[in-house]
Amino acid sequence: MFSNSDATAAKMKVVSIEYDPNRTAFISLVVYRDGEKRYILYPEGLKVGDEIEQGPDVEIKVGNALPIGRIPVGMNIHNIEIHRERGGQLVRSAGLSAKIMGREGDYTLVKLPSGEIRKIHNECYATIGVVGNADWINVMIGKAGRNRWLGRRPHVL
């Protein structure tokens, strides 16, 4: 989805914010300047009609995606690439965010929601902000049968 070889920023406009039954987070439908449409993870605070960008030299604001080496220390980020040009793989669930802790040479130290601190290459992309639908944590399952409806088998510890 993100191309590191692209020197120009890709601008998008948020058309809608939608529920996705296959994930905990909401998704946003965005339209590029050339008319191409794509879905992205909805960052908390993004509104319909907002413009977001992706690229190496974009503004630091919620929803923008840029190389992790260009994001200031202390910022909340999500949808983090582990390997360059493979797409976001970390911090994609509802209400989660990681925090940039510092830099070491070609790597950025990122504190994940689990508390683990990982080194991620400065050229890997991440999106600024917190993944939307933070209220997901408040969903009550209520009974064992509802877990079965979701395809989760019982387990004994």
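This is a predicted model, so every value here is computed, not measured. (Residues numbered from 1 in each chain as written. Predicted model: local features only at pLDDT ≥ 70, side-chain atom pairs only at ≥ 80, totals over all residues. Heavy atoms only, no water.)

Caption draft 1: View of the overall build of the chain. Across its full length, the chain holds one helix and twelve strands. If you list the helices and strands of the chain from N to C, you get β-β-β-β-β-β-β-β-β-β-β-β-α. For the chain, the spread of C-alpha atoms along the three principal axes comes to 50 × 40 × 25 Å. Counting all 157 residues of the chain, 39% fall into the buried class. Working note: accessible area of the chain is about 9,400 Å², and carbon and sulfur atoms make up 50% of it. Across the chain, the centroid of the 22 positively charged side chains sits 9 Å from that of the 18 negatively charged ones. (Helix = DSSP H or I, 4+ residues; strand = E, 2+ residues; numbered from the N terminus. Buried < 20%, exposed > 50% of the residue type's maximum accessible area, 1.4 Å probe, protein only. Areas by Shrake-Rupley, 256 points an atom, 1.4 Å probe, with all protein chains shown as cover. Lys, Arg positive; Asp, Glu negative; His and termini not counted. Charge placed at Lys NZ, Arg CZ, Asp CG, Glu CD.)

Caption draft 2: Seen up close, the pairing of strand β1 (residues 10-18). Sheet topology note: the β1/strand β4 (residues 51-54) ladder contains four bridges and is antiparallel. Considered in β4, the bridge of lysine 13 is made with glutamate 51. In this structure, β1 lies alongside strand β2 (residues 27-32), joined through six bridges in antiparallel fashion. When the bridges of β2 are listed, methionine 12 appears paired with tyrosine 32. (Pairing = 2+ DSSP bridges.)

Caption draft 3: Spotlight on the packing of aromatic side chains. Applying the stated criterion across every chain, the model contains one aromatic pair. Here phenylalanine 26 and tyrosine 42 contribute two aromatic rings whose centre-to-centre distance is 6.4 Å and whose plane-to-plane angle is 55 degrees, an arrangement assigned as tilted. With phenylalanine 26 in the loop between β1 and β2 and tyrosine 42 in the loop between β3 (37-41) and β4, this residue pair connects regions lying 16 residues apart in the sequence. (Phe/Tyr/Trp six-rings, centres within 6.5 Å; stacked < 30°, edge-to-face > 60°.)

Caption draft 4: Just the environment of arginine 118, in detail. Relative to the elements of secondary structure, arginine 118 occurs in strand β11 (residues 117-121). Taking relative accessible area as the criterion, arginine 118 reaches 30% and is therefore assigned partly exposed. Taking the C-alpha atoms as reference, arginine 118 lies 24 Å from valine 58; in sequence the two are 60 residues apart.

Caption draft 5: Representation of the pairing of β3 within the structure. In terms of strand pairing, β2 meets β3 through five bridges, oriented antiparallel. Counted as the bridge partner of isoleucine 27 is leucine 41 from β3. Counted along the chain from β2 to the antiparallel partner β3, the turn is four residues long, and its residue glycine 35 has a positive phi close to 100 degrees.

Caption draft 6: How the structure looks around the nonpolar core. The biggest cluster of nonpolar side chains holds 16 residues, and the ones touching the most others in it are Ile68, Ile71, Ile77, Ile80, Ala98, Val110 and Ile120. When contributions to this core are tallied by element, the ones reaching two or more residues are β9 (98-104) and β12 (125-128). If sequence neighbours within four positions are ignored, isoleucine 77 has contacts with Ile68, Ile71, Val91, Ser97, Ala98, Ile100, Val110, Ala126, Thr127, Ile128 and Gly129. Residues Ala10, Met12, Val30 and Tyr32 belong to the second largest nonpolar core, which totals nine residues. (Core = buried A, V, L, I, M, F, W, Y, C linked by side-chain atoms within 4.5 Å. Contact = heavy atoms within 4.5 Å.)

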